[in-house]
Structures are given as C-alpha cells and as structure tokens.
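# Descriptive structure summary
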Amino acid sequence: MSYGDAMTSKARGRSGERRAEIVRAALEVIAERGYRGASLAAVAERVGLTQQGLMHHFPTKEALLVAVLAERDRWDALPAEGLRLDLLASLVEYNAMRPGVIQTFAALLGESVTEGHPARGFFTERYGRVRESMAEVLRAEYGDRLPGGLSPQRAAPLVVAMLDGLQYQWLLDPESVDMAQAFRDFLALLGDS
C-alpha cells in the first residue's frame, strides 16, 4: 500500500467516525426537539462543527434524517431467517434500556404522518417490510391460523401496533408501563385458543 493509499484509508476511517458521531448527535437533538424543531446548526454545535462542516458529511437535513433512521434500524437488526416471537420480546427489553433512541423513533414516526414529511416514504416502506416479516414469524410459530382463527397476515399489523403502542405508553409513563411484560402478556393472548 502506498503512502497516498494509506492516508486516504485513514481519512475515510476518520470521516466514518465523524459521520457516526453526527448521527448520534442528531438522534439526541431530534429526541429533544422533534425533526421539524431540530436544525443542522444545533447538531453541528453539539459535535463541535460549523454548519458548513456538518454539511460536508450530510448535505441536507433530509440526508441526515435518513442516516439517523437507517442507523436506528441497524441497531435493531434481527435475523431475517429464524426470527421468533421470543426474540421480539428480547428486543422490547433491549428497547427499554435506550429511551433516547425510542423517543427519537416515536417523534419521527409521529411527524412522518404529515404530508410532505421527508421520513414518510421511509416509514411507509419500513412498515410494509415489518408487517411481512411479522406475518412470517407468526406463520412459523402457528402455521396458517393462529389459535384465535386469524391468519398470520391479518394478525401481523396487530402485533406491530402493540409494539409501537407500548413504546408510546412507556415513553409517557415508564414507571407504570412495563413494556417487556406487557408484550409477553400479549404473546400469551395470541397463543390462547
């Protein structure tokens, strides 16, 4: 490897670290202020950059938002093959240990339902994937019919709604809502005939 190649590789590594730092700061700012209230200037200040310096890494607020959402999904990545309901319960427990990330996701999700929001397409596509994945998990667990008679395809949006609804309730009153236990209780209801 030449000196120039080594320097380029080192610069890319630093740039990747800086991008990760910016994404973490953006998560915090969005959690505090919501997407519409968050500014590139506030994120830049949090990481010790000028707004122009931040824009070297993320040229628009929308580009930063997409990076934040993609990073959050990477943190939650579960195996595509062999995903089980008990692993989902573990994800709920994990989420309870990171309220800032959950708060950011909830704020962005709530804002994304408005027309023209830059995250609307991301969430629409994501929920399509999540419902399909959930239907496969339910099919693997119960076959073509759950004990209550619903097909996995019809039950999948209910499971996703339970997961997201629990997050909102927990964010509002974490002392009164045990997300993990409530989700395990829901799973027990799914299995009852």
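One structure accompanies this document, and this report is about it. (Residues numbered from 1 in each chain as written. Predicted model: local features only at pLDDT ≥ 70, side-chain atom pairs only at ≥ 80, totals over all residues. Heavy atoms only, no water.)

### A look at the overall build of the chain
The number of helices and strands found in the chain is nine helices and zero strands. Starting at the N terminus and walking to the C terminus, you meet the elements of the chain as α-α-α-α-α-α-α-α-α. Looking at the 193 residues of the chain, the share that counts as buried comes to 38%. Put simply, of all contacts in the chain between residues at least 6 apart along the chain, 61% involve residues at least 24 apart. (Helix = DSSP H or I, 4+ residues; strand = E, 2+ residues; numbered from the N terminus. Buried < 20%, exposed > 50% of the residue type's maximum accessible area, 1.4 Å probe, protein only. Contact = heavy atoms within 4.5 Å.)

### Remarks on the pattern of salt bridges
Evaluation of the coordinates by the stated rule reveals eight salt bridges. Between Glu-125 and Arg-129 there is a salt bridge; the shortest N-O distance is 2.3 Å. With Glu-125 and Arg-129 both in helix α7 (residues 120–142) and four residues apart, this pair spans about one turn of that helix. Judged by relative accessible area, Glu-125 falls into the partly exposed class, the value being 43%. Asp-144 is the salt-bridge partner of Arg-139, the closest N and O atoms lying 3.8 Å from each other. Within this structure, Glu-28, Glu-32 and Arg-46 form a network of salt bridges that share partners. (Salt bridge = Lys/Arg side-chain N within 4 Å of Asp/Glu carboxyl O.)

### Describing the packing of aromatic side chains
Scanning the entire structure with this criterion turns up three aromatic pairs. Both rings, one in Phe-105 and one in Phe-123, keep their centres 5.4 Å apart while their planes meet at 70°; by these two values the pair is edge-to-face. Separated by 18 residues along the polypeptide, Phe-105 in helix α6 (residues 99–112) and Phe-123 in helix α7 bring together distant segments of the chain. Classification of Phe-123 by relative accessible area gives buried; the value is 3%. Ring geometry for Phe-183 against Phe-186: centres 6.3 Å apart, planes inclined by 35°, an arrangement best described as tilted. Placement of both Phe-183 and Phe-186 in helix α9 (residues 179–191) is noted, with a separation of three residues, approximately one turn of the helix. (Phe/Tyr/Trp six-rings, centres within 6.5 Å; stacked < 30°, edge-to-face > 60°.)

### Observations regarding the nonpolar core
Ranked by internal contacts, the top residues of the largest apolar core, which has 53 residues, are Leu-64, Phe-123, Leu-138 and Phe-183. Considering each element in turn, this core owes the most residues, eight residues, to helix α1 (residues 3–37). Beyond its immediate sequence surroundings of up to four residues, Leu-138 is in contact with Leu-85, Gly-143, Leu-146, Pro-152, Ala-155, Ala-156, Val-159 and Leu-190. (Core = buried A, V, L, I, M, F, W, Y, C linked by side-chain atoms within 4.5 Å.)

### What to know about helix α8 (residues 152–172)
Taking 1.5 Å as the rise per residue, α8 with 21 residues should run 30 Å; its terminal C-alpha atoms sit 30 Å apart, in good agreement. Residues of α8 that are buried: Pro-152, Ala-155, Ala-156, Val-159, Val-160, Leu-163, Asp-164, Leu-166, Gln-167 and Trp-170. Looking at the packing, one finds that the buried side of α8 touches α4 (61–75), α5 (85–95), α6, α7 and α9. (Expected span 1.5 Å × (residues − 1).)

### What about the side chain of Arg-98?
Within the fold, Arg-98 resides in the loop between α5 and α6. We classify Arg-98 as buried; its relative accessible area is 10%.

### Points about the environment of Ala-31
Along the polypeptide, Ala-31 turns up in helix α1. Counting along the chain gives 71 residues from Ala-31 to Ile-102, while the straight-line C-alpha distance between them is 8.5 Å. Contacts of Ala-31, omitting those with residues within four sequence positions, involve Gly-100, Gln-103 and Thr-104.

### Re the packing of α7 against α8
Relative orientation and spacing of two packed helices are given, respectively, by the angle between their axes and the distance between those axes. It is the contact of α7 with α8, at a shortest axis distance of 8 Å, that shows an interaxial angle of 115°. Seen from above, α7 lies across α8 with right-handed handedness. Side by side, α7 and α8 meet where Tyr-127, Val-130, Arg-131, Glu-132, Met-134, Ala-135, Leu-138 and Arg-139 of the first sit next to Pro-152, Gln-153, Ala-155, Ala-156, Pro-157, Val-159, Val-160, Leu-163 and Asp-164 of the second. Within the contact of α7 with α8, the residues separate by chemical class into twelve nonpolar, one polar and four charged. (Axes fitted to C-alpha atoms, helices over the stretch in contact; angles between N-to-C directions. Left-handed = near helix turned anticlockwise from the far one by under 90°. Nonpolar A, V, L, I, M, F, W, Y, C, P; charged D, E, K, R; others polar.)

### A few points about α5
Of the positions making up α5, those classed as buried are Leu-85, Leu-88, Ala-89, Leu-91, Val-92 and Asn-95. Buried residues along α5 cover an arc of 155° about the axis, so they all sit on one side. Contacts from the buried residues of α5 go to α4, α6, α7, α8 and α9. (Arc of directions from axis to C-beta.)

Keep in mind these values describe shape, not function.
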